[in-house]
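These are the residues of each chain, in order.
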Amino acid sequence: MKLETLNFQLPPGWSARTLSALRAKLLAWFDRHRRDLPWRADRDPYRVWVSEVMLQQTTVAAVVPYFDRFVAAFPTVGALAAADEQDVLKLWAGLGYYRRARHLHAAAKRLVADHPGGLPDDPAVWAALPGVGRYILGAVLSQAFDRRLPIVEANSLRVLARLFGHRGDPREGPGKAWVWAAAGAVLPAKRAGDFNQALMELGALVCTPANPRCRQCPLAKVCVANRYDLQAVIPPPKKAKDIVLVNEVAVAVRDRDKVLLCQRPADANRWQNMWEVPHAPVRDDEPPAEAASRVAKELTGLVVEPGAELLTVKHGVTRYAITMTCVEAAVRGGAFARGSYAAGRWLAPAELADYPVSSPQRKLIAALTTPPAQRRLF
Ligand code: SF4
């Protein structure tokens, strides 16, 4: 970090005094306006770590109930390390990016084995853990141990780019190096964790992507974007992803009053070890019922007779916009064969909720567990 901050240039007219006044103002603003969030109750490194992992790619509002349930079930790193992965995934189900949960679990095991005395204040140890990148490292060590380590995420990136009037894209290339250098340069010697949180909080509450509330901003007097009215163009808009449209069929195979739920293998490209109603892309011009029969046979070895369409779920995964049509089907022959899946279980509707599933599958399972009087399936 030291080397990077040497490359950081303050805007014209700024002095060390400007910088220290800025730090004091932002910290004072944070002390007055910080949201009362469950992971801010103390500086317990375990709770800070869990919250920061959950907050990656996810909003504060979505994270709060997940965080509360997770730390109630696993109140310490030891409890998390001793947990079964299926229980960890179940408590994560719906938050998305499940690799985060698996990494958190694996890292907890390693920390408990190597550091039985407690979570260490050692960047080298944290940097070697699965799932710990530069952001998590800085967030945990600055907040829990007051280490002077920077963080950059979407909110602080926007604040820093506007504050210093950086016109390039701070998300990639030289702009990315610049924003990390800026984040390091603005950090005070003390209260680094609070300052990091203050930058993020200002971005979330005041320096919002559209219509920032500059009149209420503690940095307004020195902010370059505010002075030159550049808020709308700094940072530049994200490049649009090339979206790929995918149609899928999910087949809810029933055998009398049971439904087949399958476990994805540990080496699946995503949702590893989680459970699901079998699903796969539909071929061009393939009717859903025909696709359901084919998918059931290919993925499970079962011969099925398709029935009604149950529901359609739309969701996005990375650059894929997926429309998944769920078809119910009765088993007519064959036996479940592992291959595409690590396991298959025939479950009563009430048991389906006990398994970790992704968000789109949760919607599908909610439809499957609707009382029989309201549906035709059971
Ligand atoms: S003055 Fe406006 S643009 Fe500058 S940091 Fe504050 S809210 Fe953002």
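Calculation rules
- Residues numbered from 1 in each chain as written.
- Predicted model: local features only at pLDDT ≥ 70, side-chain atom pairs only at ≥ 80, totals over all residues.
- Heavy atoms only, no water.
- Helix = DSSP H or I, 4+ residues; strand = E, 2+ residues; numbered from the N terminus.
- Expected span 1.5 Å × (residues − 1).
- Buried < 20%, exposed > 50% of the residue type's maximum accessible area, 1.4 Å probe, protein only.
- Contact = heavy atoms within 4.5 Å.
- Near = heavy atom within 4 Å.
- 1 Å grid on protein atoms, 1.4 Å probe; cavity = no way out; pocket = protein on both sides within 12 Å on 5 of 7 lines; lining within 4 Å.
- Sits in = over half its atoms within 2 Å of the grid points.
- Nonpolar A, V, L, I, M, F, W, Y, C, P; charged D, E, K, R; others polar.
- Domains from an automatic or database assignment.
- Buried area = accessible area lost by both parts, 1.4 Å probe.
- Salt bridge = Lys/Arg side-chain N within 4 Å of Asp/Glu carboxyl O.
- Polar contact = N/O pair within 3.5 Å; in protein donor to acceptor, adjacent residues only side chain to side chain.
- Phe/Tyr/Trp six-rings, centres within 6.5 Å; stacked < 30°, edge-to-face > 60°.
- Lys NZ or Arg CZ within 6 Å of the ring centre and 35° of its normal.
- Points joined across faces, edges and corners; volume = space filled by probe spheres on them.

**Student:** Mind laying out helix H14 (residues 288-300), listing which residues take part and the relevant values?
**Tutor:** Between the first and last C-alpha of H14 there are 17 Å, a value that for 13 residues agrees with the 18 Å anticipated at 1.5 Å per step. Listing the buried residues of H14 in full gives Ala291, Ala292, Arg294, Val295, Ala296, Leu299 and Thr300. Buried residues in H14 make contact with strand E1 (244-255), strand E2 (258-263), strand E4 (279-281), strand E5 (303-317) and strand E6 (320-333). In the stretch just after H14, Gly301 is the one whose phi turns positive, near 80°.

**Student:** How would you sum up the site of the ligand? Please name residues and give values.
**Tutor:** Residues in close proximity to the ligand include Arg162, Val206, Cys207, Pro212, Cys214, Cys217, Ala220, Cys223, Asn226 and Gln231, which together make up its full environment. Among the detected pockets, the ligand sits in the largest cavity. Tallied by class, the residues present in the shell around the ligand amount to seven nonpolar, two polar and one charged.

**Student:** Any chance you could break down the domain arrangement of the protein chain for me, citing the residues and the numbers?
**Tutor:** Accessible area lost upon the coming together of the parts serves often as the stated size of an interface. What the domain assignment reports for the protein chain is domain 1 (2-227) and domain 2 (244-374). Measuring from the centre of the C-alpha atoms in domain 1 to the corresponding centre in domain 2 gives 38 Å. Both faces considered, domain 1 and domain 2 share a buried interface measuring about 910 Å² in area, 43% of it formed by carbon and sulfur atoms. Put simply, domain 1 and domain 2 have zero salt bridges between them. On inspection of domain 1 and its partner domain 2, the count reaches six residue pairs in polar contact (both at pLDDT 80 or more). Within the residue set of the side of domain 1 that touches domain 2, elements represented by two or more residues are helix H6 (85-92) and helix H7 (98-114). In terms of residues, the side of domain 1 that touches domain 2 owes the most to one element, H6, which gives four residues. Looking at the side of domain 1 that touches domain 2, its residues break down into four nonpolar, two polar and four charged.

**Student:** Describe the packing of aromatic side chains, listing the residues and the values that go with them.
**Tutor:** Tallying each qualifying case throughout the model produces nine aromatic pairs. An angle of 65° between the planes, with centres 4.9 Å apart, marks the rings of Trp275 and Tyr355 as edge-to-face. With Trp275 in strand E3 (residues 275-276) and Tyr355 in the loop between strand E7 (343-347) and helix H15 (359-368), the pair connects residues that are 80 residues apart, well separated along the chain. Each member of the pair Trp275 and Tyr355 is classed as buried. An aromatic cluster of at least three residues, connected via ring pairs, comprises Phe8, Trp14, Phe164 and Trp178. Directly above the ring of Tyr66 sits Arg69, whose terminal nitrogen or CZ lies 4.9 Å from the centroid.

**Student:** Account for the side chain of Thr18, naming residues and giving values.
**Tutor:** Take Thr18: it is sitting in helix H2 (residues 16-33). Accessibility expressed as a relative area gives 18% for Thr18, which makes it buried. What Thr18 contacts, discounting residues up to four positions off in sequence, is Gly13 and Val222.

**Student:** Explain the layout of surface pockets residue by residue, including any values.
**Tutor:** Considered as a void within the structure, the largest pocket measures approximately 1,400 Å³ in volume. Forming the boundary of the largest pocket are 42 residues, of which Gln57, Val152, Glu153, Ala154 and Asn155 lie nearest the centre. Those elements that place two or more of their residues in the lining of the largest pocket are helix H3 (45-55), helix H9 (134-145), helix H10 (154-164), helix H11 (173-186) and helix H12 (192-205). Partitioning the lining of the largest pocket into residue classes produces 18 nonpolar, ten polar and 14 charged. Considered as a void within the structure, the second largest pocket measures approximately 770 Å³ in volume. When contributions to the lining of the second largest pocket are tallied by element, the ones reaching two or more residues are helix H4 (60-73), H7, E5 and H15. A per-element tally of the lining of the second largest pocket places E5 first, with four residues. For the lining of the second largest pocket, the residue count by class is eight nonpolar, eleven polar and six charged. Both domains that meet at the lining of the second largest pocket, namely domain 1 (2-227) and domain 2 (244-374), each give it at least three residues.

**Student:** Go over the environment of Ala161 with me, naming the residues and quoting the values.
**Tutor:** Structurally, Ala161 is set in helix H10. A C-alpha to C-alpha distance of 55 Å links Ala161 and Ala337, two positions 176 residues apart in sequence. Apart from residues lying up to four places away in sequence, Ala161 is in contact with His166, Pro170, Trp178, Ile234 and Pro235.

**Student:** Requested: an account of the side chain of Arg102, with residues and values cited.
**Tutor:** Looking at the secondary structure, you find Arg102 in helix H7. Within the structure, Arg102 has its side chain in polar contact with the side chain of Gln272 (distance 2.4 Å). Sequence-distant contacts of Arg102, that is, excluding residues within four places in its chain, are made with Glu85, Leu89, Trp271 and Gln272.

**Student:** I'd like to hear about the environment of Ser142, residue by residue, with values.
**Tutor:** Topologically, Ser142 is positioned in helix H9. With a relative accessible area of 0%, Ser142 lands in the buried category. Between the C-alpha atoms of Ser142 and Lys239, which are 97 residues apart in sequence, the distance is 31 Å. For Ser142, the residues in contact, after removing those within four places along its chain, are Arg147, Leu149, Ala192, Gly193 and Asn196. Within the structure, Ser142 has its side chain in polar contact with the side chain of Asn196 (distance 3.0 Å).

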